[in-house]
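Listed here are the chains, written in short residue letters.
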Amino acid sequence: MTQSVGSAAVSQSYELLGASLAKTQQKQEGRQTLQLLESAVNSSSALQSPSPVPVGNLGQNIDISV
C-alpha cells in the first residue's frame, strides 16, 4: 500500500511540473508575441513618412496655351 501512495505522489508531482513548464512556455510565447507586434508597429510607423518634398522645380510650372 505504501508503494501505491508513493507512486501516486510521484505521478502528481510530475503533473505539477508539467503544468509549471507549460505555464512558463505560455508566458514566454506571450512576450515574444508582444515583441513581434511592437516591432511591426514600429516598422510600419517608420515606413509612413510624410509626403516627399519636391526637389528642384521639375513639374511645378505648367504652361497652358488656349
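Refer to the structure presented above.
About the cut-offs
Position numbers for residues start from 1 in each chain and track the written sequence from start to end. Where totals are concerned, whole chains, interfaces and linings use all residues; where local detail is concerned, this predicted model gives features only for residues with pLDDT of at least 70, and gives and counts side-chain atom pairs only at 80 or more. For the side-chain quantities, the full set of heavy atoms in the structure was used; hydrogens and water were omitted. The helix count covers DSSP runs of H or I at least four residues long, the strand count covers runs of E at least two residues long, and both are numbered beginning at the N terminus. Buried means the residue's accessible area, taken with a 1.4 Å probe over protein chains only, is under 20% of the maximum for its type, while exposed means over 50%, and partly exposed covers the values in between. Accessible areas in this description were obtained via Shrake-Rupley with a 1.4 Å probe; residue shielding takes into account the shown protein chains only. Patches here: salt-bridge-free residues with over 30% relative accessible area, like charges joined within 9 Å, nonpolar side chains (Val, Leu, Ile, Met, Phe, Trp, Tyr) joined within 5 Å. Should a side-chain nitrogen of Lys or Arg be within 4 Å of a carboxyl oxygen of Asp or Glu, the pair is scored as a salt bridge.

Draft legend 1. Summary view of the overall build of the protein. When its secondary structure is counted, the protein shows one helix and zero strands. Buried residues in the protein amount to 0% of all 66 residues. Of the accessible surface of the protein, which amounts to about 6500 Å², a share of 59% is contributed by carbon and sulfur atoms.

Draft legend 2. Layout of a nonpolar patch on the surface. On the surface, Val10, Tyr14, Leu17 and Leu21 cluster together into a nonpolar patch covering about 430 Å² of accessible area. Topologically, Leu17 is positioned in helix H1 (residues 2-47). Residue class for Leu17 comes out partly exposed when judged on its relative accessible area of 47%.

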